[in-house]
Amino acid sequence: MRFEFVADKRTKVKTLLKSHDVSKGLLAKIKYKGGNIFVNGVEQNAIYLLEAGDVVSIDIPNEEPFEKLEAIPFDLDIVYEDDHFLVINKPVGFASIPSAIHSNTIANFIKAYYVKNNYPDQQVHIVTRLDRDTSGLMLFAKHGYAHARLDKQLQTRSIEKRYYALVSGDGSLPDEGEIIAPIGRSKDSIITRAVDPMGKYARTSYRVVTRYAKNVHLVDVKLHTGRTHQIRVHFSHIGFPLLGDDLYGGRLDLGITRQALHCHYLHFSDPFTENDCSHTINLTDDFESVIMYLQERIEVNH
């Protein structure tokens, strides 16, 4: 795959490329695994001195797939795709990546999709993960360079993800709020997380969209950090765990058997076109069913 950059001052090739998120590792791959660097159409090396206006082209060699990752066919719900990025609507019940207890995962499905379409790069690069029982938008980079460029946005927290959650607790949530509480591993479990003064900084903000019967709130949640189980831990911490989330004390009596959490909005800046990319997705059927049930209770009460 070829990419082009224009020098805006006198500088070395490697310095220009670094400013465009080309790492030392990627430069080494270009040098030793079949790639090329050209300046104004002439092959050069990474320390070649550029003048302003010089055009640098790099050919990045194709990636070898992870042979241990099995390709498992699955009918993906693709929301957006171009040469560099892929956004899917993740279904409930599938982990993002394989583990000792999960083998039928989204990563396996993406690998099969790449193989089926004979894509030159068949490594799976997950940019934004979701828990097994969380639904909604997931973002993938289709090659390592695209992943590196989005990693920079992750580090600066400029990729925006918003979730709908159904929560319930005693009292009433304010119309909007912010939860800032550090999160660490639970002392008695390898799976669960908890608010811990010694944990990592975590920040979640929310606004209440609708208040339903049975003291249930539909909240629109924005993540400012990306800790494991962050939304689930934070809302449990303030006494409003997610419906269906038995791991963190959520109610199981309203017809949803998984945490009521859905990534409905995703925004990032395309580093190759500098265009803003925003995507939204509707709620899942099980989520909608709970809302319809709660709406009926309001009508009955009135």
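Use the structure listed above.
Residues numbered from 1 in each chain as written. Predicted model: local features only at pLDDT ≥ 70, side-chain atom pairs only at ≥ 80, totals over all residues. Heavy atoms only, no water.

*Asks:* Residues and numbers for the pairing of strand β16 (residues 216-223), please.
*Replies:* Within β16, seven of the eight residues are buried, which leaves the element mostly enclosed by the surrounding structure. In terms of strand pairing, strand β11 (residues 160-168) meets β16 through seven bridges, oriented antiparallel. Residue pairing for β16: A165 is matched across the bridge by V219. Two strands pair when backbone bridges link them, and strand β15 (residues 203-211) and β16 are joined in this way by seven bridges, in the antiparallel orientation. Opposite T210, over in β16, you have L218 as the bridge partner. Where β15 hands over to β16, the hairpin turn is made up of four residues, of which K214 adopts a positive phi near 60°. (Buried < 20%, exposed > 50% of the residue type's maximum accessible area, 1.4 Å probe, protein only. Helix = DSSP H or I, 4+ residues; strand = E, 2+ residues; numbered from the N terminus. Pairing = 2+ DSSP bridges.)

*Asks:* Can you tell me about the nonpolar core, naming the residues and giving the values?
*Replies:* Membership of the largest hydrophobic core comes to 46 residues, with the highest contact counts inside it found for I110, F140, V219 and F235. If one sorts the elements of this core by residue count, helix α3 (residues 106-116) sits on top with six residues. Setting aside residues up to four positions removed in sequence, F140 forms contacts with H84, F85, L86, I88, I106, I110, Y114, V124, H125, I126 and V127. Counting residues in hydrophobic clusters, the runner-up holds 17 residues, among them V22, I30, L50 and V56. (Core = buried A, V, L, I, M, F, W, Y, C linked by side-chain atoms within 4.5 Å. Contact = heavy atoms within 4.5 Å.)

*Asks:* Describe unusual backbone geometry, and please don't skip the residues or the numbers.
*Replies:* Unlike most non-glycine residues, N118 shows phi in positive territory, near 55°. Within the fold, N118 resides in the loop between α3 and β9 (125-128). For R157, which is not glycine, the phi torsion reads 60° and is therefore positive. Residue position: R157 is located in the loop between α4 (144-155) and β11.

*Asks:* Tell me about a positive patch on the surface, and name the residues and values.
*Replies:* A cluster of basic side chains, namely K12, K14, K18 and K24, defines a positive patch on the protein surface. Turning to its location among the elements, K24 is positioned in helix α2 (residues 24-32). (Patch = residues over 30% accessible without salt bridge, like charges linked within 9 Å, V, L, I, M, F, W, Y side chains within 5 Å. Areas by Shrake-Rupley, 256 points an atom, 1.4 Å probe, with all protein chains shown as cover. Salt bridge = Lys/Arg side-chain N within 4 Å of Asp/Glu carboxyl O. Lys, Arg positive; Asp, Glu negative; His and termini not counted. Charge placed at Lys NZ, Arg CZ, Asp CG, Glu CD.)

*Asks:* Outline the sheet that holds strand β3 (residues 36-39), supporting the account with residue identities and numerical values.
*Replies:* Pairing is antiparallel across the open sheet formed by four strands, whose spatial order is β1-β6-β3-β4. The open sheet terminates on both sides in strands that have one partner only, identified here as β1 (2-6) and β4 (42-43). Pairing between β1 and strand β6 (residues 55-59): five bridges, direction antiparallel. By the bridge assignment, R2 is partnered in β6 with D59.

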